Amino acid sequence: MKIPKLFIAALILMFLTSYTSCWAHAIVIESNPREGAVLKQAPDRVQLRFNVKIEKALTRITLTKDNKQVVVLPKTDFNQGAPDRLEVPLPPLEPGNYIMRYSVLAADGHATQGVLRFSIEK
Amino acid sequence: MSLLASFLSVLFHSLVLIGMSVAVGGLIFLLAVLLPLAKNNSDAQNAIKHSLLILVWGSALLAVAQILGLLMEPWALADESGVWPIAAFFSTGFAHAGMIHVAFAVALTISGVWLIKQPASRVAWSAAIAAAISLMVSGAWLVHAVGRLESTVPLMVMTVLHQLGAAIWVGGIIHLLGLWRLTRRSASPLWPRALARFSPLAVLGVVSLTLCGIYLWWSFIGDWEGLIGTAYGVMVLTKVALLLAALALGAMNFFLTRRWLRLGDTQGIGTRVPPFVEAEFNIVIIILLVAAALTSLPPSIDVTAEKATPAEVWSALKPGIPRLIPPPRQEYLASSTSSFDVFALQNDFDKRQSEFNHNVSGLLVLIVGLAALLDRTGKFPWARNWPLLFLLVGVFLVLVGEPNGWPLGYEGFWETMVIPSVIQHRLATAVVIGLALFEWRVRIGGLAETRWRYAFPVLCITGGALLLTHSHTLLTIKYQFLIEVSHSLLGFLAVMMGVGRLLELRLPSPANRLPGWLWAISLVLTGFVLLFYREF
């Protein structure tokens, strides 16, 4: 059974351009603050608990305020605590809407990105 | 680029699974099927060399795909400046396990080459067996179970046994196809004898993968709601449905082989078994693709708040009034998000536009399917022109494929040609239009005897693979999962269409009638699923 090469090329291109969604293998099953929380007081740390063990040395965290202003986080050694938990110390935060983006590697080798949103009231 | 890295990671993982089946399953096929037939049989000795060559390609594929798959993870973890954390990644346990896996794959490749040169060498066979066992065992540190906090070791063991069962079955089918291509012109008695030896081996493989699969699925799924209310559960259900389809074909082969053993009837084994094995091959490759995509999803037991209820799943599938009128154009354009923002959440106008696109496409596909069904009755000669109706689908896709892009939206044609989804939609549209014209010429006779007759089944199988391996469950949000339920069903129907049409083309008449109806009915059902598609 031979298939025309032009047709095969179109199918391969279709396949390679179909990465419009991504997989979230390691998911946060518990966090403090919770996703979408509206807080009266600024938290001094964020705690994340994942569904799997993670390779903590490869963790990357960024925090933005009101969707544009990047918050500088203190240098942290994530290699502490249980293998499925991350603790991220925070600097003093002003009132506003925050998005924490995290990038982790699960122990079974799947890289995953995710976000945690929270707000601090004035 | 992390989206591309994630996608390629799944693709390479699929290739690792395929390579493992070809290599390890191939070695078992050689030992259990071909070697016992080789005494004083030159056909079998040629077949052994041919199978060893396939084994070498399989283990080499495994090694290359594993290395490329390993490189995808630091790419996906690259920081804003694009720096890959290579050193940190290669100091992880996963990377070490991956490199050990590569080393055993290379060892199996070298053993295979050695055996091609010296097929009688007991040392070379022992080396190949040792490399294959080490390859399977080292794979245990690359599976999902490694990351679990509980029952890690039992889950690792069961996953490896599950993979071994799949390798015996899938690898055997691939090597059987290789044997058929080698012997089909010589009418060698090796083909039926090999089939007779492979049948019980395949049963053993299927039993092993099913029993271990049941343990794994219930460990990772937990309950019935997890099975039907999460992306992981629905993917498992899809895998089971595909497995049943492949087993139905396997059962046909089994009974035709038994018939040959009892009555010496070579007719069925020579004309019907090869197309069945080809079709089974297509389905099991899709199953491996789904298995790779499955490993990238969070298990159902970890999804709690976003788990859909049976009622919600039913609401995603039950027929309703189709949306055949688009949302007001100006309002839609004013509120729609840019095609460049792949993470944008859909607003109400986006959802209405998407439902309109799917439902009208469904109506058109339903018309195509009904025309194809009429053609199958043989009573309406004009109905053989049914593929031309796909042109309507093509024109509709050109117009609304990118609702806020060219030709009716504000974003230009070339401007958006850097967005993966846009390129994919336009390629799909071009393929649909091309398919309408070529399949029409196949039907009216111009291309009936050319290889273009395979374009339709290949497109269906590839489209099905795309739909089944592309999760829409970004961040495991429930409404995106409910959309995925429809996509999984469409993917399964697409595979059934492709396999049905392939069997119709390859089987002798009248055995090809039933698969002919199978693909036409699957096309009609595809129309219905699209017609009643709902956004959430």
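Predicted model, so just to flag it, every value in this text is computed and none were measured.

Draft legend 1. Molecular detail of the overall build of chain B. Broken down by element type, chain B carries 19 helices and zero strands. Taken over C-alpha atoms, the radius of gyration comes to 25 Å for chain B, in line with the 24 Å a tight globule of 536 residues would show. In terms of principal-axis extent, the alpha carbons of chain B reach across some 80 × 65 × 45 Å. Within chain B, the proportion of its 536 residues that are buried is 52%. Taking the intrachain contacts of chain B between residues at least 6 apart in sequence as the baseline, contacts between residues at least 24 apart amount to 75%.

Draft legend 2. Representation of the overall build of chain A in the model. A count of helices and strands for chain A gives one helix and eight strands. Secondary structure elements of chain A occur, N-terminal to C-terminal, as α-β-β-β-β-β-β-β-β. Taking contacts inside chain A between residues at least 6 apart in sequence as the whole, the part at least 24 apart equals 62%.

Draft legend 3. Up close: the packing of helix α2 (residues 42–76) of chain B against helix α4 (residues 93–117) of chain B. Residues and elements named next belong to chain B. Packing of α2 against α4 leaves a shortest axis separation of 8 Å and a crossing angle of 160 degrees. It follows that α2 is roughly antiparallel to α4 by the angle criterion. Helix-helix and strand crossings are classified by hand; for α2 and α4 the assignment is left-handed. Contact residues: α2 offers K49, L52, L53, L55, V56, S59, A60, L62, A63, Q66, I67 and L70, while α4 offers A95, G98, H101, V102, A105, V106, L108, T109, G112, V113, L115 and I116. Among the residues making up the contact of α2 with α4, the classes are represented as 17 nonpolar, six polar and one charged.

Draft legend 4. The arrangement of the sheet that holds strand β2 (residues 37–39) of chain A in detail. Residues and elements named next belong to chain A. Across the sheet, five strands lie side by side as β2-β8-β7-β4-β5; this open sheet has mixed pairing. On the outer flanks of this sheet lie β2 and β5 (69–71), each paired with one strand and no other. Looking at each pair of strands side by side, their axes are set apart by 30 degrees on average, direction ignored. In this structure, β2 lies alongside strand β8 (residues 111–120), joined through three bridges in parallel fashion. Counterpart to A37 in the pairing with β8 is F118.

Draft legend 5. Examining the sheet that holds strand β3 (residues 45–50) of chain A more closely. Residues and elements named next belong to chain A. An order of β1-β3-β6 is seen for the three strands of this open sheet, with the pairing classed as antiparallel. Each having just a single partner strand, β1 (28–32) and β6 (85–89) make up the two edges of the open sheet. Looking at each pair of strands side by side, their axes are set apart by 15 degrees on average, direction ignored.

Draft legend 6. Region of the structure containing unusual backbone geometry. Cis peptide bonds are those with omega within 30 degrees of zero, and the linkage from N32 of chain A to P33 of chain A qualifies with 0 degrees. Cis rather than trans, the peptide bond between S509 of chain B and P510 of chain B has omega equal to 5 degrees. Looking at where P510 of chain B falls in the secondary structure, it is placed in the loop between α18 (478–506) and α19 (513–531). The residue N40 of chain B is not glycine, and still its phi comes out positive at about 55 degrees. Along the chain, the position of N40 of chain B falls in the loop between α1 (2–34) and α2. Its identity is not glycine, yet S151 of chain B carries a phi of approximately 50 degrees, on the positive side. In this structure, S151 of chain B sits in the loop between α5 (122–138) and α6 (152–183).

Draft legend 7. Geometry of the nonpolar core. All names here are of chain B. In terms of nonpolar packing, the biggest core is built from 184 residues, with L242, I283, I287 and V290 touching the most fellow members. For this core, the element with the most residues is α1, which contributes 19 residues. Contacts of V290, omitting those with residues within four sequence positions, involve M235, T238, K239, L242, L468 and T469.

Draft legend 8. Up close: the environment of T271 of chain B. Residues and elements named next belong to chain B. Mapping T271 onto the fold places it in helix α10 (residues 266–271). The class for T271 is partly exposed, based on 14 C-beta atoms found within 10 Å. In sequence terms T271 and P508 are 237 residues apart; their C-alpha atoms lie 7.0 Å from each other.

Draft legend 9. Region of interest: the packing of α6 of chain B against helix α7 (residues 190–221) of chain B. Residues and elements named next belong to chain B. With their axes 8 Å apart at the nearest point, α6 and α7 run at an angle of 155 degrees to one another. The angle between α6 and α7 places the two elements in the roughly antiparallel class. As for the relative orientation of α6 and α7, their crossing is left-handed in sense. In terms of residue class, the contact of α6 with α7 is built from 22 nonpolar, nine polar and no charged.

The rules behind these values
Residues numbered from 1 in each chain as written. Chains lettered and ligands numbered in written order. Predicted model: local features only at pLDDT ≥ 70, side-chain atom pairs only at ≥ 80, totals over all residues. Helix = DSSP H or I, 4+ residues; strand = E, 2+ residues; numbered from the N terminus. Rg over C-alpha atoms; globule rule 2.2 N^0.38 Å. Buried ≥ 20, exposed ≤ 12 C-beta atoms within 10 Å, placed from the backbone. Contact = placed C-beta atoms within 7 Å. Axes fitted to C-alpha atoms, helices over the stretch in contact; angles between N-to-C directions. Parallel < 35°, antiparallel > 145°, perpendicular 65-115°, else oblique. Left-handed = near helix turned anticlockwise from the far one by under 90°. Nonpolar A, V, L, I, M, F, W, Y, C, P; charged D, E, K, R; others polar. Pairing = 2+ DSSP bridges. Core = buried A, V, L, I, M, F, W, Y, C linked by C-beta atoms within 7 Å.

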